Amino acid sequence: EAEPPMPFGQRRERLLDNALERRRSVWHEGRWLALARTREEILGILVLLDPDHRAGAPELMALEYGATVLAIELAHLQSLAEVELRLRRDIVEDLLSGTDERNVLLRARGLRYDLARPHRVVVVDAADKIDGERLFRAVRLAARNSSAGSLVVARADSVVLLAHTDVEWEKLNAVISRELGGSACRIGVGGRCERPRDFPRSYREARFALGLQGLAGRHGFSLCFDDLGVFRLLGQAADPASLRELVTSWLDALLRHDARRGSDYVETLAVYLECGGNHDQAARALIVHRSTLKYRLQRIQEISGY
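A. Local environment of the overall build of the protein. Tallying secondary structure elements over the protein gives 11 helices and 8 strands in all. Here the protein holds 306 residues, and the buried ones make up 39% of them. The long-range fraction of contacts in the protein, counting pairs at least 24 apart against all pairs at least 6 apart in sequence, stands at 55%. Surface exposure of the protein reaches about 17,800 Å², of which carbon and sulfur atoms provide 50%.

Have a look at this one:
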């Protein structure tokens, strides 16, 4: 005989509230339910199937005892998970700030986490005013589902992920956005970390890639520092504020035009400069005709004033 379905929605809430209030097992459509709880927090539900309603005092006592044991075990596991989460958060903070390398390696080894494998620092922020805890949960869940990494920490208005796998960043962005109910977010990806001392540098690069998207007013995109071409030189500047002023003073008009019209003049200019001003090489790299490139360069001159 098929097991009767559990209630859901408001009926489920009412049933659980009743069980909380009575502080003992309750009967519902062919089953007895006992809550595994700590004070007013429900950790789980233990169910005894009894379609003929024949369970007596011994059976219900065993059910409630089992729920108590289950609550103790679940509370223990929850406590361990919270401690591990805090330890992982501390490791991320120490890596980003460039603390003692040997100490971090020992603590990571204690958590059975391999810091010897290559990583990248990934910074995520949201377009809308998203609650920080909600953004953190969305990034952690998306990272876990895509096998990108398990070291995640909230920092100010953004979330930092230490990714040990080069996933498709646009897909990761889409998963995070879906977890946020469709709210757009931006992702900045730093350069490769071969050892713990590389993490502060990768974090600066990720913030730089994120900042470039902010200057252009773009959301819903991902940008990897390794793909920035000539702009990687600017990303190594010591003072980010001065760098933003420099980028804005030279590229503001182009960035705003690209954001407003969906054009790609900044990318065209970057490729052209990387090719040393060689029209044929730049046209091949951009996969456009030479005349198209010359038209774009003319428009870049008109828009930027340079």
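B. Looking closely at the nonpolar core. Counting residues in each nonpolar core, the largest one holds 25 residues, and the members touching the most others are Val122, Val124, Leu135, Val139, Leu161, Leu172 and Ile176. For this core, the secondary-structure elements that each account for two or more residues are strand 4 (119-126), helix 4 (132-145), strand 6 (158-163), helix 5 (169-179) and strand 7 (185-193). When near neighbours in sequence (up to four residues on either side) are disregarded, Val124 contacts Leu135, Val139, Ser158, Val159, Ile176, Cys185, Arg186 and Ile187. By size, the runner-up hydrophobic cluster in this structure holds 21 residues, among which are Phe225, Leu255, Tyr265 and Cys275.

C. View of the sheet that holds strand 3 (residues 41-49). Here we have 3 strands laid out as an open sheet, ordered 1-2-3, and antiparallel in their pairing. Since the sheet does not close on itself, it has two edges, and those belong to strand 1 (26-28) and strand 3, each with one partner. Recorded for the sheet is a direction-independent mean angle of 35 degrees between the axes of neighbouring strands.

D. A look at unusual backbone geometry. In this model, His53 sits at a positive phi of 55 degrees, which is unusual for a non-glycine residue. Note that His53 resides in the loop between strand 3 and helix 2 (57-97). Judged by its relative accessible area of 45%, His53 falls in the partly exposed class. A positive phi angle, near 55 degrees, is found at Ile287, a position not held by glycine. Tracing the backbone through its elements, the reader meets Ile287 in the loop between helix 10 (279-286) and helix 11 (290-304).

E. Quick look at helix 11. The end-to-end C-alpha distance of helix 11 is 21 Å, a good match for the 21 Å that 15 residues give at a rise of 1.5 Å each. Within helix 11, burial applies to Leu293, Arg296, Leu297, Ile300, Ile303 and Ser304. The arc enclosing the buried residues of helix 11, seen along the axis, measures out at 130 degrees, which places them on a common side. At the exit of helix 11 stands Gly305, carrying a positive phi of roughly 85 degrees.

Parameters and conventions
- The numbering scheme is per chain: residues are counted from 1 as the chain's sequence reads.
- Given that the model is predicted, a residue must reach a pLDDT of at least 70 before its local features are reported, and side-chain atom pairs must reach 80 or more before they are shown or counted; all residues, however, enter totals for whole chains, interfaces and linings.
- Computation of side-chain values covers all heavy atoms of the structure but excludes hydrogens and water.
- Numbering goes from the N terminus for both helices and strands, where a helix is a DSSP run of H or I of at least four residues and a strand is a run of E of at least two.
- Here's how the labels work: a residue is buried when its accessible area is under 20% of the maximum for its type, exposed when over 50%, partly exposed in between, all with a 1.4 Å probe on protein chains only.
- Only heavy atoms enter the contact rule, under which two residues are in contact if any of them lie within 4.5 Å.
- The Shrake-Rupley method, run with a 1.4 Å probe sphere, supplies the accessible areas, and residue values consider only the shown protein chains as cover.
- Here the nonpolar core consists of buried residues drawn from Ala, Val, Leu, Ile, Met, Phe, Trp, Tyr and Cys, with membership extended through side-chain atoms lying within 4.5 Å.
- One bridge is not enough; two strands pair if DSSP finds at least two bridges between them.
- To get an axis, a line is fitted to the C-alpha atoms, and for a helix only the part in contact is used. The angle between two axes follows their N-to-C directions and goes from 0 to 180 degrees.
- To estimate the expected span of a helix, count its residues, drop one, and scale the result by 1.5 Å.
- It is the directions from the helix axis to the C-beta atoms that the arc portrays.

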